[in-house]
Amino acid sequence: MYARRDVLRAGATLGLLAASPWLHAAAPVGLLTRKVPTTGEALPVIGAGTSGSFEVEAGSAQYQQLKVVLKAFFEGGARVIDTSPNYGGADSILGQLLEEGGWHRQCFIATKIAADSRADAEAQWAGSLKSLRTDKVDLLQIHNLRDWQTQLPYARELKQQGKTRYVGITHYLNSGQDEVARIVRSEPLDFIQINYSVNAPDAARELLPLCQDKGVAVLINRAFDDGRLFARVKDQALPGWAAEAGIGSWAQLFLKFAISHPAVTTVIPATSRPERQLDQLKAGFGPLLTQAQQQALIKQFA
Ligand SMILES: NC(=O)c1ccc[n+]([C@@H]2O[C@H](COP(=O)([O-])OP(=O)(O)OC[C@H]3O[C@@H](n4cnc5c(N)ncnc54)[C@H](OP(=O)(O)O)[C@@H]3O)[C@@H](O)[C@H]2O)c1
């Protein structure tokens, strides 16, 4: 029954997609982009994550639904998708979906190394390429700084070999930000990935300005605090100023908050639902939040 409901929902959303003229344009005009400082490459500010939401069985109703999610994502002009060999098979599902949809060329694939030795990392990397059904990725990140002194040089070697275009490091907690900042100061990096949200805005104090100074691109994870923010706003109206800022949902507001910091390149919210994907893309249009609006949100969610 659950599966049938999902299939019906996916079908209904396909209908919705067919009825959305802007999704049929070759490249929708106006999805905001930011430049990767080390190359000048422009990337759309709205991306996607795969943790949890892509951890499904190949061929299941949830898998079919993810196909609709990705169709909306790519037709909406988005490109950046973050995954990891540590996400319970999500990278393999992503690889299969990209192949079936013919989306490898459009997709900016960001994946990770999460290993404790060079030998483990080499084996994991070989598995990642197989899972993602590719011979190279766009960004290779050291997951949660794990064994980074060994793994960052390895990622750089892979960059030299043309196996990844960019290297970076990730963390997802405020408590990891000091160490991320230390590494940004001492090592050349293309990207970092960090948590930043209305209820966890600490990165704006030091880390994000540092990345701007050093010319490091930034991916933002947990913009919805892993979904928990939606429980906090249940039955609450959006702030009075949201409509004039072009914001029609709490999801759009949380994503707008993340991309309103000028250091942020792309925010990578996860979703398994097509209608939520369509909604998230809308955050990549229209004006950014003013300082006063950002401060009002931080106060509301403190
Ligand atoms: N250390 C790291 O490197 C690290 C750590 C954390 C995250 N990440 C990356 O960042 C990505 C995003 O972070 P995250 O997945 O932890 O958290 P998130 O994007 O803050 O939240 C995702 C959750 O929000 C739910 N959601 C999305 N839209 C919603 C809506 N409109 N209403 C209610 N719920 C909604 C999703 O469920 P549905 O699927 O049901 O929509 C999902 O469970 C991850 O997928 C991963 O790629 C990296």
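Residues numbered from 1 in each chain as written. Predicted model: local features only at pLDDT ≥ 70, side-chain atom pairs only at ≥ 80, totals over all residues.

A. Quick look at the overall build of the chain. When you go through the chain residue by residue, the secondary structure sums to 11 helices and 10 strands. Seen along its three principal axes, the alpha-carbon backbone of the chain occupies a region of about 50 × 45 × 35 Å. Within the chain, counting contacts between residues at least 6 apart in sequence, those at least 24 apart form 79% of the total. (Helix = DSSP H or I, 4+ residues; strand = E, 2+ residues; numbered from the N terminus. Contact = placed C-beta atoms within 7 Å.)

B. Structural view of helix α2 (residues 61-75). In this model, α2 (15 residues) spans 21 Å end to end at C-alpha, consistent with the 21 Å of a helix rising 1.5 Å per residue. Looking only at α2, the buried set comprises Q62, Q65, L66, V68, V69, L70, A72, F73 and E75. G77 sits one or two positions beyond α2 and adopts a positive phi of about 95°. (Expected span 1.5 Å × (residues − 1). Buried ≥ 20, exposed ≤ 12 C-beta atoms within 10 Å, placed from the backbone.)

C. Structural detail: the site of the ligand. Taken together, 28 residues form the shell around the ligand, and within it G49, S51, Y172, N221 and G227 come nearest. Its residues assigned to classes, the shell around the ligand comprises 8 nonpolar, 14 polar and 6 charged. (Near = placed C-beta within 6 Å. Nonpolar A, V, L, I, M, F, W, Y, C, P; charged D, E, K, R; others polar.)

D. Local environment of the confidence of the model for the chain. Considering every residue of the chain, the mean pLDDT works out to 92; 90% of them sit at 70 or more. Mean pLDDT in the chain bottoms out at helix α1 (residues 2-18), which sits at 43, and peaks at strand β9 (residues 217-221), which reaches 99. Taken as a whole, residues 1-28 scores under 50 in pLDDT and shows 24 contacts with residues more than four places along the chain or in a different chain. (pLDDT = per-residue confidence, 0-100.)

E. Broad picture of the pairing of strand β7 (residues 164-170). For β7, a buried count of 6 out of 7 residues is recorded, marking the element as mostly surrounded by other parts of the structure. Strand direction decides the pairing type here: strand β6 (residues 137-142) and β7, joined by 5 bridges, are parallel. Each residue of the ladder has a partner; that of V137, found in β7, is T164. For the crossover from β6 across helix α5 (residues 148-160) to β7, the handedness is right-handed. Crossover connection from β7 via helix α6 (residues 177-186) to parallel strand β8 (residues 191-195): handedness right-handed. (Pairing = 2+ DSSP bridges. Right-handed = clockwise from strand over helix to strand, strands pointing away.)

F. Local environment of the packing of helix α3 (residues 90-101) against helix α4 (residues 118-132). Look at α3 against α4: their axes get within 7 Å of each other, and the N-to-C directions meet at 40°. The orientation of α3 relative to α4 falls into the category oblique. Of the residues in α4, those touching α3 at D91, S92, L94 and G95 are S128, S131 and L132. Within the contact of α3 with α4, the residues separate by chemical class into 2 nonpolar, 4 polar and 1 charged. (Axes fitted to C-alpha atoms, helices over the stretch in contact; angles between N-to-C directions. Parallel < 35°, antiparallel > 145°, perpendicular 65-115°, else oblique.)

G. Inspection of the sheet that holds strand β3 (residues 48-49) at higher detail. On the basis of which strands lie adjacent, the open sheet formed by 8 strands has the order β3-β4-β5-β6-β7-β8-β9-β10 and parallel pairing. On the outer flanks of this sheet lie β3 and β10 (266-267), each paired with one strand and no other.

H. Geometry of the pairing of β6. When you tally the buried positions in β6, you get 6 out of 6 residues, the bulk of the element. Pairing of strand β5 (residues 108-113) with β6 involves 4 bridges; the strand directions are parallel. Its bridge partner being in β6, K112 is matched across the sheet by Q141. This β-α-β element, β5 to α4 to β6, shows right-handed connectivity.

I. Quick look at the packing of α6 against helix α7 (residues 207-214). Viewed as axis vectors pointing N to C, α6 and α7 meet at an angle of 10°, and their least axial separation amounts to 10 Å. Judged by the angle between their axes, α6 and α7 are roughly parallel. Here α6 and α7 pass one another in a crossing that is left-handed. Contacts between α6 and α7 pair Q177, V180, A181 and V184 from the former with L207, L210, C211 and K214 from the latter. Its residues assigned to classes, the contact of α6 with α7 comprises 6 nonpolar, 1 polar and 1 charged. (Left-handed = near helix turned anticlockwise from the far one by under 90°.)

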